[in-house]
Every structure is written in structure tokens, then in C-alpha cells.
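Breakdown of the fold
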Amino acid sequence: MYERFRRFLFRLDPERAHNLGIVAARMGQRLLPGMLERRFAFESERLHTEVLGQSFASPVGIAAGFDKNARLIPFWGILGCGFAEVGSITAKRSKGNRRPRAFRLEEAQAIINRMGLNNQGAARIGRRLAKGSPHPLPVAISLAKTHDPSIEGAAAIEDFATSFSACAPFASMVVLNLSCPNTAEGRTFEDPNALDELLTRIVPLNQALDNPLPILIKLSPPVSDRFVLDSEVDELLDVSRAHNVAGVVASNTESGRDLLDVPQSKLDAIGPGGLSGAPLRSRSTALVRYLYEKTEGTMTIVGVGGVSSGAHAYEKIRAGASLVQLYTGMVYEGPAVFQRIKQDLAGLLERDGFATVAEAVGADTEISARPV
Ligand SMILES: Cc1cc2nc3c(=O)[nH]c(=O)nc-3n(C[C@H](O)[C@H](O)[C@H](O)COP(=O)(O)O)c2cc1C
């Protein structure tokens with residue numbers, strides 16, 4: 001059924017198609033929750049996992065950027081997502097960049113976007129999160145700095161702090177989006193000193209909550225598949241560990257175009273933006289593996305980039321991811337993608353003799369023999 005809807009959607013501009021999808025999902029979650037839940041149901045004890053002090057019915061969730069304004073949380077539960085990351089949320093409401101700003105590359109099963117952190121702002125989204133809580137599944141809030149280059153230095157840190165205060169009381173975890181490639185000034189917070197200052201402000205705010213949240217950071221993919229690592233990732237990890245950051249989301253979209261086999265003229269016509277989907281898969285998995293080995297499994301890794309099947313999710317898990325997310329896979333495969341991934345993942349775990357997802361985490365790494 002999605003195939004026909006998809007053919008229709010893919011005739012529209014990607015952003016219009018996305019907005020239409022959101023309208024349909026909102027109608028579905030209001031009018032037909034029971035029917036949809038039965039349609040997308042799949043549960044397996046093998047997929048159940050405990051990480052970051054929370055319980056997840058499955059390790060597969062929706063990545064940041066799809067539900068920027070946290071309007072679809074019940075829908076993610078209906079689809080059988082294990083968790084949902086909403087946002088990125090910024091202190092001030094923002095319209096983002098000029099349209100068009102999202103482009104499908106169907107031949108590569110990829111998307112290029114330069115949305116520019118459009119969202120309704122932390123106050124409004126915080127009220128929505130409060131109204132919907134307790135949520136039917138674990139909800140991560142993704143926080144970023146307001147898309148405005150004049151907000152910098154101490155003001156940039158306060159921007160994050162404002163969003164944190166407005167939204168964190170109604171969430172299960174928080175992801176600091178350090179790596180959005182679509183900010184006017186670049187990746188300001190993917191810098192060890194900036195991250196240190198940011199965490200110095202956010203961690204005490206978190207400790208003051210009735211229920212402090214696990215804090216994660218979201219990084220960009222490495223610059224090549226060979227993963228010649230710049231020491232910056234190591235420094236970011238050192239700073240994170242010093243502030244008791246619980247995990248890393250790997251990875252955000254890719255600014256370069258070397259992963260694509262698409263005519264240059266087409267890329268020139270699209271212009272700048274972050275690349276997501278199939279071409280990103282192995283590069284983000286390389287980062288997952290690196291992070292898992294470097295931290296010896298002591299930090300929770302959330303693997304994201306190019307996942308659209310159970311085998312892809314399994315690859316990220318075996319590389320060290322305890323949780324997995326997708327965005328572009330949902331665009332190409334439709335809402336049943338979560339059900340299919342879960343079915344296939346449960347089968348793969350069973351085939352390989354793993355009683356739970358947790359047992360498979362890091363199985364393909366140097367430290368797979370780590371005692372649990
Ligand atoms: C249109 C679009 C908007 C996105 N917006 C955000 C965002 O606001 N915050 C964020 O952390 N990641 C954002 N992402 C990145 C995704 O969360 C994810 O890291 C990336 O797309 C790789 O996963 P995928 O290959 O499954 O899409 C966005 C991705 C797309 C395609």
C-alpha cells in the first residue's frame with residue numbers, strides 16, 4: 001500500500017511530501033491508533049533491551065529531524081519504534097533555510113538536506129512534550145543552537161540551556177546535536193573547548209532535575225571510510241567522559257560528496273547540504289566501531305546512517321551500537337520499515353545464537369570478549 005502512496009509522494013517536492021506524510025501520521029494517530037498498531041505490531045523478547053537506565057521494547061528508533069516539533073510521538077509508538085528522537089529543538093523558533101532545501105537522490109537511496117534547523121522553538125515544543133507525557137515510548141530530545149550566526153559564545157551556550165530547561169523535564173534522554181552541517185557558521189560545538197563549556201553549563205542543570213537524564217552527543221561521520229581519525233574525536237570523547245556523558249550518536253549527515261556516484265551536474269544543481277541514506281552506511285558504522293573500541297564499550301553508542309533493513313541494523317549492533325536509528329530508510333521504505341527491521345533482526349539474532357540484542361553488541365569488534 002505504501003508503494004502507491006510513495007509513488008504519489010515522490011512526485012512532490014520532498015518537503016511537501018514530508019509535510020503531507022506528517023498530516024497523514026497525525027490523522028492516523030488520532031483516528032485509527034488501534035488498527036494501525038495491529039498492522040505494525042511485532043514484538044520479540046530478543047529485541048528487548050535495557051540501556052541508559054531505560055527499558056526499550058526494541059533497539060530501533062526514529063532519528064532526529066523527522067519529527068522536529070514532537071508532534072508524532074504517539075505515532076512512533078504505533079509503528080513499533082523502540083524510541084523516538086525529536087527535534088532538533090532550538091531556543092528560538094526558526095524557519096530554517098530558504099526552500100528548496102531537501103532533495104531526493106533516488107538512484108542512490110539518499111537525501112541531501114539543508115533544512116537549517118527549522119522548528120517551533122523550545123518553549124512551544126516543551127509545552128507539547130509536557131502535555132503528552134508520560135510518553136508511550138522513550139523520547140530523546142535533540143538540542144541544537146538556534147540557526148542565527150549572531151548567537152555565539154556565551155549566548156550560544158545559553159541557547160542550549162534555555163532549550164534544555166524547557167524540554168528536559170519531559171524527556172527520557174537528551175542528545176546535544178554538535179554536528180549539524182546546516183548551520184550558518186558550521187559545526188561550532190564539535191570542538192573540544194566549546195563542548196567543555198557547553199557541558200559545564202548543561203550538566204549542573206541536568207543534576208538539578210528530579211530525574212537527571214542520560215546526556216549523549218551527536219557527531220559527524222569521519223572524513224573517509226578508512227577512518228584515518230583526526231584526534232578531535234578522541235578529544236571530544238575525553239571531554240565527554242570527564243563530564244559523565246552517557247553516549248554518542250553516530251552519525252549525523254555527511255557534508256562531502258565523495259560517497260556518491262551521481263553526475264556532478266546534478267550535485268551542482270542541488271548545492272550544499274548534508275547527505276543521508278544508503279551511501280552513508282559504512283562510514284557511520286566505521287565511526288560506531290571506532291567509538292565502541294576506543295571507549296571499550298563503556299559508553300552507549302547509538303548507530304545511525306543508511307539503515308533500512310534488519311541486516312543493516314544488525315551490522316551497526318555488531319559494530320558496537322546498543323541502539324539504532326533511521327530517517328532516510330523510512331522515506332524510501334515507508335512506515336512498515338520498523339516492523340520489517342525488527343522481524344529480520346530478531347531472526348538474525350536467533351540464527352547466530354544471541355538470546356538478546358545486548359549479547360550481540362560489539363560482536364564484530366576487537367573487544368567482543370568483554371565480560372558483561
Ligand atoms: C531532512 C533531514 C533533516 C534532518 N534534521 C536533523 C536534525 O534536526 N537534527 C539531527 O540531529 N539530525 C538531523 N538529521 C540527520 C538524521 O538524524 C540522521 O543522523 C542522518 O540522516 C543519517 O541517518 P539516515 O541515513 O538513516 O537518514 C536530518 C536528516 C534529514 C534527512
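As a starting point, this report considers the structure included with it. (Residues numbered from 1 in each chain as written. Predicted model: local features only at pLDDT ≥ 70, side-chain atom pairs only at ≥ 80, totals over all residues. Heavy atoms only, no water.)

Digging into the site of the ligand
Around the ligand, the surrounding shell holds 22 residues, and the nearest of these are A64, S88, G277, G306 and T328. Here an oxygen atom of the ligand and a side-chain polar atom of K68 are 3.0 Å apart. One of the backbone nitrogen or oxygen atoms of Y327 is found 2.9 Å away from an oxygen atom of the ligand. Among the elements of the structure, β4 (84-89) and β11 (274-277) are those that each provide at least two residues to the shell around the ligand. When its residues are assigned to classes, the shell around the ligand shows six nonpolar, 14 polar and two charged. (Near = heavy atom within 4 Å. Polar contact = N/O pair within 3.5 Å; in protein donor to acceptor, adjacent residues only side chain to side chain. Helix = DSSP H or I, 4+ residues; strand = E, 2+ residues; numbered from the N terminus. Nonpolar A, V, L, I, M, F, W, Y, C, P; charged D, E, K, R; others polar.)

Remarks on helix α10 (residues 281-294)
In this model, α10 (14 residues) spans 20 Å end to end at C-alpha, consistent with the 20 Å of a helix rising 1.5 Å per residue. Close packing links the buried residues of α10 with β9 (215-219), α8 (231-242), β10 (247-250), β12 (300-304) and α11 (310-318). Just past α10, the residue E296 takes up positive phi, approximately 50°. (Expected span 1.5 Å × (residues − 1). Contact = heavy atoms within 4.5 Å.)

Description of the packing of aromatic side chains
One pass over the structure, following the stated rule, counts seven aromatic pairs. With 5.5 Å between their ring centres and 85° between their planes, F10 and Y332 make a pair best called edge-to-face. In this pair, F10 is assigned in the loop between α1 (2-9) and α2 (14-31) and Y332 in helix α12 (residues 328-333), connecting sequence segments 322 residues apart. For the pair F10 and Y332, a shared accessibility class is recorded, and that class is buried. Ring plane angle 50° and centroid distance 5.0 Å describe the contact between F66 and Y327, whose orientation is recorded as tilted. Of the two residues, F66 sits in the loop between β3 (60-62) and α4 (73-79) while Y327 sits in the loop between β13 (323-326) and α12, which places them 261 residues apart along the sequence. Accessibility expressed as a relative area gives 11% for F66, which makes it buried. A relative accessible area of 24% places Y327 in the partly exposed class. The structure contains a cluster of three or more aromatic residues connected by ring pairs, namely F66, F75, W76 and Y327. R104 extends its terminal NZ or CZ atom over the ring of F10, reaching a point 4.2 Å from the ring centre. (Phe/Tyr/Trp six-rings, centres within 6.5 Å; stacked < 30°, edge-to-face > 60°. Buried < 20%, exposed > 50% of the residue type's maximum accessible area, 1.4 Å probe, protein only. Lys NZ or Arg CZ within 6 Å of the ring centre and 35° of its normal.)

These figures capture arrangement, not role.
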